[in-house]
Every structure is written in C-alpha cells, then in structure tokens.
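Here's the letter readout for the chains.
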Amino acid sequence: MKHCKLCLLTGIISTSALAAPGPSWQPGFGADLSFLTGYTRETSQFNTDNKVTNTLDNNGDTQSDALFAPLGTISYTMESADKQVYFGTSRSDVALGRFHVELGYRQHIPENGMVSISYVPGLVETSTWEDPYITGEARKETDSKIRGFRLQYDRILGSNFSAEIAGGKQELDSEKSGHRSLTTPEQALLQREADILFTQLSYFKSVNQRLLLRGAVNYSRINADGDAMANDIYGAEIGFIQFLPSSSLALTFSYDRAEFDAANPVFDQKQKDNRWGVFLAYEYQEPFGWENWGVVSLAGYNQSNSNINFYDEDSLLLSAGLNYRF
C-alpha cells in the first residue's frame, strides 16, 4: 500500500554510508541527523487526500503537498569501538529509498565485514482506506504499520557482497475491503494483513577511486490473509556513486515485478504490477566551513504500472536540507 509515496518520502540523504569499507566509530554517543524540506506530488487511489472517487477505473486525482521530514539515527558505541547499538533510520537505507525506524545492534568483524540485527517496532504508521472500493462518498481512513526483525551481513567475509533477510507482520487497525458490495468469501480474498519476507543480495564494484557501482537483486513475499492481496515481488537495483573533492553524487535505478496469487473479485482478474524508480541525490560537505554539517538535495520519481488501472501510482519528490553528524 502506498508503495511509491513511502519510497519517495525518504529519498536519498547520503551516499557515503553505502561506500565506506568499514565503520569508523568512536566510543560514546553519536548521531546522524537530517532535516529536509521539499515538495511531493502523487497520483494514487490510496492517497488519503483522495477521499471521494466516482469510479474504480482510474488511479485517482493528483495531489501535491509540502514536506518536512526530520530523519536520522542516534547511536552508542562501546569502548572497544567495534560494537554499537542504534535507534532510528539508517543512512544506507534512506539512500536506497527505504524507510524503517529500527532499534538494533551491529558489530564490526575485522577484515570480515559487519553484522547487524534489529527490530522494527512499527512506530511509523501510514494511512490507508478501510474500504478502498467505495465510490461516490467519502472513504474512511485507517492506520497500517509493519513490525518485524532484520538481519544484515555487510561485506561478507571481507568481500564486496552483502546480504539481508527480514521478516515481519503488516497490520491494519480496521479492514473492511469490499464490505459494501461483496459476499463474505469475496471479502476474505481482499484481507490485507500479511506476513512479510524480504531477502536481498547486493554487490559493490569500485571502478576507480571516485566512482562506485552497486547492483542488487531481491525477493519479497507478501503472504496476505486474502489470496487476492498475497503476492511475490522480484526486484533489481543498480546505482552509481560519484565522489567529488567536497561532495558526492548518487544515481539509483530500481525495478520490481509483483505477481498476485488470486483474482481480485472487484475487478475479476489477478493483479500484476511493474514498478520502477529513479533517485538522484547530491551532498555537499561542510558548507561555509561548518564542521560536521552537509547540504543535501534529492530528486526522485517512482511509478507503478498495473494491469488494473485502479492500482496505477506515480510519485515525485523534490527536496533539500541539512545533515548534521557527530
């Protein structure tokens, strides 16, 4: 739900975290905080500004909003400087257009990479519709959230490969999809609460001292309670990271293919989505000689093309802000 907007809302804050050969931690407390302002534009039936829809044959009206997003991580590093606990949103996740507030522990293994384990407590809620398929009157909102656990191994055995596996539960406060017009068995097919599995394998390649390439493949299983909402997602990403004397530039492309298990009873066909996105980010370090500060900017676009017009989505984000770390 609201796949495009969630990706674009976070965008790319920094590229250096993706490329660092290992953590350069200092014992004690630290923080990496970003403050963004910007503009978002979204076309989606699941944008809760689209309270009334007169037809299920399109993807809703386009909505625009201003954005203010404080993001970041607070951490504590042990005296050995190789173990760390943290809370917040990691820069590397945000750099890939993913947004999870998590509480975790990570340990650097000399010459063998870094292992992280974390819990996603579901603090960040998103709004969706109790019943998205009501026409001609205002739809009622409900909250959705994801809880789960996550295990990452960066630079496996000192190589340029990294792996991740995560599992969790998507929950809705109130689920009433199709309750106005469908039979009870048909309503059961549209239940959106789900068990979620995500796996990813990625690889870094250094082209030269200033240019890095990153590629990744991933697989997600959304095992929803309703078969028409359950789906498999196959994805790939490719990114380019360019380091300049006092700044960095990143360009990331992503593509996902989602295939659903059963026919949606509202539209009498199985949903199939092709989703792609592009993110362009720039960071300038220590503007005006401000130590530990950086200026960041982002442009991003996501689009989801479905064989069912109701599920088509696209989102645009333009933003700029400041980053502070200590």
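Residues numbered from 1 in each chain as written. Predicted model: local features only at pLDDT ≥ 70, side-chain atom pairs only at ≥ 80, totals over all residues. Heavy atoms only, no water.

### Focus: the overall build of the chain
Short version of the rule: Helix numbers and strand numbers start at the N terminus; a helix is a DSSP run of H or I with at least 4 residues, a strand a run of E with at least 2. Should any heavy atoms of two residues lie within 4.5 Å, those residues are counted as being in contact. What sets the accessible areas is the Shrake-Rupley method with a 1.4 Å probe; for residues, cover comes only from the shown protein chains.
The helix and strand tally for the chain stands at 4 helices and 15 strands. Nonlocal contacts in the chain, meaning residues at least 24 apart in sequence, comprise 61% of its contacts between residues at least 6 apart. Accessible surface, the chain: about 15300 Å² in total, of which carbon and sulfur atoms supply 57%.

### Here we look at the environment of Lys-51
Formally: Remark: exposure states derive from per-residue accessible area (1.4 Å probe, protein chains only) relative to the maximum for the residue type, with buried under 20%, exposed over 50%, and partly exposed in between.
Within the secondary structure layout, Lys-51 lies in the loop between strand 1 (28–43) and strand 2 (62–77). In this structure Lys-51 comes out as partly exposed when scored by relative accessible area, which is 37%. For the pair formed by Lys-51 and Asp-61, sequence separation is 10 residues and the distance between their alpha carbons is 10.0 Å. For Lys-51, the residues in contact, after removing those within four places along its chain, are Trp-129, Glu-137, Ala-138, Arg-139 and Glu-141.

### Observations concerning a nonpolar patch on the surface
Our working definition: Patch criteria: residues need more than 30% relative accessible area and no salt bridge. Like-charged residues are merged within 9 Å; nonpolar side chains of Val, Leu, Ile, Met, Phe, Trp and Tyr are merged within 5 Å. Any carboxyl oxygen of Asp or Glu within 4 Å of a side-chain nitrogen of Lys or Arg constitutes a salt bridge here.
Taken together, Leu-244, Leu-249, Leu-280, Tyr-282, Tyr-284 and Val-295 make up a surface patch of nonpolar side chains, about 450 Å² in accessible area. Take Leu-244: it is sitting in strand 11 (residues 231–244). By relative accessible area, which is 37% here, Leu-244 ends up partly exposed.

### Things to note about the packing of aromatic side chains
Applied cut-off: For Phe, Tyr and Trp, where Trp contributes only its six-membered ring, two rings pair if their centres lie within 6.5 Å, and the inter-plane angle classes them as stacked under 30 degrees, edge-to-face over 60, or tilted in between. By definition, being over a ring means that NZ of Lys or CZ of Arg is both within 6 Å of the ring centre and within 35 degrees of the ring normal.
A full pass over the atoms with the stated rule returns 15 aromatic pairs. Put simply, the rings of Phe-46, Tyr-133, Phe-267, Phe-310 and Tyr-311 pair up and form one aromatic cluster. We note Arg-106 situated over the ring of Tyr-86; from NZ or CZ to the ring centre the distance is 3.9 Å.

### Some points on the confidence of the model for the chain
Spelled out, the test is: How sure the predictor is of each residue is captured by pLDDT, a score from 0 to 100.
When pLDDT is averaged along the chain, the result is 87; 89% of the residues meet or exceed 70. Averaged over each element, pLDDT in the chain is lowest for helix 1 (residues 3–10) (38) and highest for helix 4 (residues 184–189) (97). In the predicted structure, residues 1–23 sits below a pLDDT of 50 and forms 92 contacts with residues beyond four places in sequence or in another chain.

### Focus: the nonpolar core
Basically, it comes down to this: Among the buried residues, those of types Ala, Val, Leu, Ile, Met, Phe, Trp, Tyr and Cys that are joined through side-chain atoms within 4.5 Å form a nonpolar core.
Counting residues in hydrophobic clusters, the biggest one holds 20 residues, and the most contacted among them are Tyr-133, Leu-190, Met-229, Phe-267, Phe-310 and Tyr-311. Not counting the four nearest positions on each side in its chain, Phe-267 is found in contact with Leu-56, Tyr-133, Ile-308, Phe-310 and Tyr-311. In this structure, Leu-36, Leu-67, Ala-69 and Phe-279 belong to the second largest nonpolar core, which totals 8 residues.

### Overview of the pattern of salt bridges
Within this structure, the stated rule accounts for 16 salt bridges. In this structure, Glu-130 and Lys-176 form a salt bridge, with 4.0 Å as the shortest nitrogen-oxygen distance. Here Lys-176 lies in the loop between strand 8 (161–172) and helix 4 and Glu-130 lies in the loop between strand 6 (126–129) and strand 7 (141–154), a separation of 46 residues in the sequence. Judged by its relative accessible area of 36%, Lys-176 is partly exposed. One network of salt bridges, in which partners are shared, links Asp-32, Glu-283 and Arg-325.

### A short note on the pairing of strand 5 (residues 113–120)
The side chains of a regular strand alternate, residue by residue, between the two faces of the sheet. We apply this condition: Being paired, for any two strands, means DSSP has found at least two bridges between them.
Where strand 4 (residues 102–109) lies against strand 5, 7 bridges are found, and the strand directions are antiparallel. When the sheet's bridge partners are listed, Gly-104 is paired in strand 5 with Ser-118. Two successive antiparallel strands, strand 4 and strand 5, enclose a turn made up of 3 residues, where Glu-111 displays a positive phi of approximately 65 degrees. Judged from the 7 bridges that link them, strand 5 and strand 7 form a sheet pairing that is antiparallel. Within the sheet, the bridge partner assigned to Val-120 lies in strand 7 and is Gly-148.

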